[in-house]
Amino acid sequence: MPFTNFMLRDIAGTAEAFLVFSLFGFVPGYSLAWTLNLLDFRRRTMVARVALAIALSIGVCPIIAFLSMRFAPRAVWLVFAPFWLTFAAIAALHWRTMIPHRYRWPRLLAVAWLLLGTASLIDLQWGDRLYYPVIAQDYTLRVSITSAITRAGVPPPNPYFALAGPVPLRYHYFWMIVCSLAQRVAGSSLDARWAAFGGTLWCGLGLIAILALYLRFADPQAGYKLERRLAIAIALLGVTGLDLIPTVIMMRVGVVFPDMEWWNEQVTSWVGTMLWVPHHLAALIACLTGFLLLWSPAARRRDGVAAALAAGLCFASAAGCSVYVTITFAIFLAIWGLVNLLRGWYRDLSLMLLAGATAAVLVLPTYLLGLRGKAAGGAVVAPAIRAFKLVDLILLSRHVAAWKISLANLLLLPLNYFLEFGFYLLVAVVTLQAIRRKWSRWNLAACTLAATSFAVATFLRSAVIANNDLGFRGFLPAQFILLLWAANLLAAPERRTPLLRAVMTLLLLCGAAGSLYELCQLRFYPVHTEAVPTPEYPWLATDHQFGRRTYRARQIYEQLKATLPAAAVIQHNPDTDLGDIPHGLYADRQLAAEGFTCGAALGGDPADCTAMRPLLDRLFTTSAPIAEVDATCRQFAIQAVVVRDLDPVWADPHSWIWTRRPIAANSMYRALPCGSR
């Protein structure tokens, strides 16, 4: 097969996706804010307009995209056309005022994020070796869902499970709908993976935008040293807790994680959140944008209904982007509503109720009720004390009772959180000491949000899958408040004593070093596996051929995309735990079954997986007769099978894979037609 420079294609594709994504990540929010004059939009500086446009676009586009794709899929462009036409008219009339001239450092840091994000997402290539980053482990699912939405619409099928037909997906997929729309706009020049990358870059800009908005419109300091505080807040996105300390200790005993956060029940760094889970970040931005619209003085004075309806759109989007972030924020809103009631802030309470009712009407009957199913049975959330993994492993090895382990986790929470938060825990202590003498309305709201976030992530856990996603993502609102507090504290040197300054500097340096290490590890760990085998992570290469194997896998899937119709079902060896990453990244096609459970947690009946797995396994493990192979493929509507040199059937020169002409083949992969009569 001819040599291809996939890295250059990734750079060009990601840049195209970023530009196309502006139709959904910027334009709708600008048009809506101008039309409704949210936060007195028309009289704001262009910098403030840009920030609100990005945050509001991320807040409202997912629910608008979902409803239009769900109920009027052929008219989806008619739904977005008014936003685009309105923006074009505004730009034509006011183009002289639409170029931001202030805030040089924040703009430079935003550009730095775009460059860093792109370098962290794309495949690296040296000759015929190709290396995807560690975060590809999660992107396989999101890219597959994006591709499924592009092919089949909303609600999408489970891209990992098809029992001779589509199986409805149960997942928070709203952000992937927006990525799919970007892919549709660009057409064949943009694949689902690049569209997802473009969405990730815009989510990072959305985080910067919501930081600017809260520092300006929610924080009591308002315009005080705003540019300086914003630049500090953006720079602090590169500072995490003290995870590097236990990471180094574990490295000394030979344990090296692909992601530094894996040493414990993670409180994910901002770097990790921005790269790993943009859909959870989109939910946070949507929730914060909705709350800011309700918080604004303009909304409380005169434009309350418009602001509440826009906030309701944001909360509805959040529910479909991340159930876990939305659960945390919903609990906060319930508590804050009670505070409003007790304080006599009845107008604020009425606006919150209107926003909540709007969100419920939009998302409850159309989406949330559809998440129920056999594989999702049981509670979504369960009570639990946040785990401290190092301690848990020691106690479990000694067969300590579960209640004693929970008690140990409770008693060790201060140490656990000191390691996870580091600098930010010190910021919380200093800030709380300062504001306890001055409980302004904002301070009360910020403390309530942070406390709710801590309580949810500490004493509740998600119960659907093994990972505690609620514990991971439930901390995002608290992390945001701590980020605001940290920016204010660092921007006011008069508030810091020499001892405090020294301790803060030490913690800052350790946190920055941790984020730098995490960035390097996420990017270069797969390269490292070629020198040092990592059998404990079978989703990476099991030999020293990671780069060549990935390059050849991408060659095969690129050829399949050019040959097979978009609706084709293909199948690789399902005998894997986390799923086949090259398929998820590069195939853009439906799978019959993925992994040991066929992805049934995302939709479908696990019993169906149990019945079909033995039949599929025979295609890759034995020299099955060609008639049996085709019969199995027809039974599950499979049109092509992808076989690796690591599959047992490859080693048999008389097996069926060597008697049929392949669609595409190289030294490590063969893609063969299957199911023909």
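Values in this document were obtained by computation on a predicted structure and should not be read as measured data.

J.: Would you explain the overall build of the chain in this entry?
T.: Along the backbone of the chain there are 28 helices and eleven strands. Relative to the globule expectation of 26 Å for 677 residues, the C-alpha radius of gyration of the chain, 25 Å, shows essentially globular dimensions. Each of the three principal axes of the chain carries a C-alpha extent, and together these read 80 × 65 × 45 Å. The buried share among the 677 residues of the chain stands at 59%. When contacts within the chain are restricted to residue pairs at least 6 apart in sequence, long-range pairs at least 24 apart make up 75% of them. Each charge class in the chain was averaged separately, 57 positive and 37 negative side chains, and the resulting centres sit 12 Å apart.

J.: What should I look at first to understand the sheet that holds strand β11 (residues 669-673) in this one?
T.: Strand pairing within a sheet occurs via backbone hydrogen bonds; the two strands may be parallel or antiparallel. The strand order across the open sheet formed by five strands is β8-β7-β9-β11-β10, and the pairing between neighbours is mixed. The open sheet terminates on both sides in strands that have one partner only, identified here as β8 (590-591) and β10 (664-665). As defined by bridge partners, β10 adjoins β11 across two bridges and the pair is classed as antiparallel. Residue Ala664 lies in a different strand from β11, and its bridge partner there is Ala671. Against the sheet, helix α25 (residues 546-563) contacts β7 (569-571), β9 (640-644), β10 and β11, and its axis sits at roughly 20° relative to β11.

J.: What's the story with the nonpolar core in this structure? I'm lost.
T.: For soluble globular proteins, nonpolar side chains are generally found buried alongside one another. Counting 208 residues, the largest nonpolar core has Tyr173, Trp175, Tyr214, Leu236, Phe423 and Phe480 as the members making the most contacts within it. The biggest single contributor to this core is helix α8 (residues 192-217), with 19 residues. Leave out the neighbours within four places in its chain, and Tyr173 touches Phe66, Ile145, Ile149, Val154, Pro155, Pro156, Gly320 and Tyr367.

J.: How should the state of the cysteines be read in this particular structure?
T.: By definition, a disulfide is the covalent link that joins the sulfur atoms of two cysteine residues. In the structure shown here, the tally under the stated rule is two disulfides. For Cys598, the disulfide goes to Cys609, at an S-S distance of 2.1 Å. Measuring the twist about the S-S bond at about 75°, one finds the Cys598-Cys609 disulfide to be right-handed. Residue Cys598 is found in the loop between β8 and α27 (606-621), and its partner Cys609 is found in helix α27; the two are separated by eleven residues along the sequence. This pair shows no difference in class: Cys598 is buried, exactly as Cys609 is. Paired through a disulfide, Cys633 and Cys674 show a sulfur-sulfur distance of 1.7 Å. One quick way to see it: the torsion about the S-S bond of Cys633 and Cys674 is about 85°, and its sign makes the bridge right-handed. Taken together, the residues span a long stretch of sequence, with Cys633 in helix α28 (residues 626-635) and Cys674 in the segment after β11 at a distance of 41 residues. In terms of burial, Cys633 and Cys674 fall into one category: buried. Disulfides within the chain link the bonded cysteines, taken in sequence order, as 1-2, 3-4. Not engaged in a disulfide, the cysteine Cys314 finds its nearest cysteine sulfur in Cys287; these two sulfurs lie 8.7 Å apart.

Reading guide: rules and limits
- Here the residue numbers are simple positions, counted from 1 along each chain's written sequence.
- The predicted nature of this model means local features are confined to residues of pLDDT at least 70 and side-chain atom pairs, given and counted, to a pLDDT of 80 or more, with totals for whole chains, interfaces and linings taken over all residues.
- For side-chain calculations, the full set of non-hydrogen atoms in the structure is used, while hydrogens and water are omitted.
- Secondary structure is summarised from DSSP: a helix means a run of H or I of at least four residues, a strand means a run of E of at least two, and numbering begins at the N terminus for each.
- Radius of gyration here is computed from C-alpha atoms only, and the compact-globule reference equals 2.2 Å multiplied by the residue count raised to the power 0.38.
- A 1.4 Å probe rolled over the protein chains alone gives each residue an accessible area, and that area as a share of the maximum for its type sets the label: buried under 20%, exposed over 50%, partly exposed in between.
- A contact between two residues is defined here by any heavy atoms of the two lying within 4.5 Å.
- This count recognises Lys and Arg as positive and Asp and Glu as negative, with His and chain-terminal groups excluded.
- Charged side chains are reduced to one point each, which is NZ for Lys, CZ for Arg, CG for Asp and CD for Glu.
- One bridge is not enough; two strands pair if DSSP finds at least two bridges between them.
- Lines fitted to C-alpha atoms define the axes here, with helix axes fitted over just the stretch in contact, and angles between the N-to-C directions of these axes take values from 0 to 180 degrees.
- Residues belong to one nonpolar core when they are buried, are Ala, Val, Leu, Ile, Met, Phe, Trp, Tyr or Cys, and are joined through side-chain atoms within 4.5 Å.
- Criterion for a disulfide: a pair of cysteine sulfur atoms at a distance within 2.5 Å.

As far as function goes, none of this settles anything; it's purely spatial.
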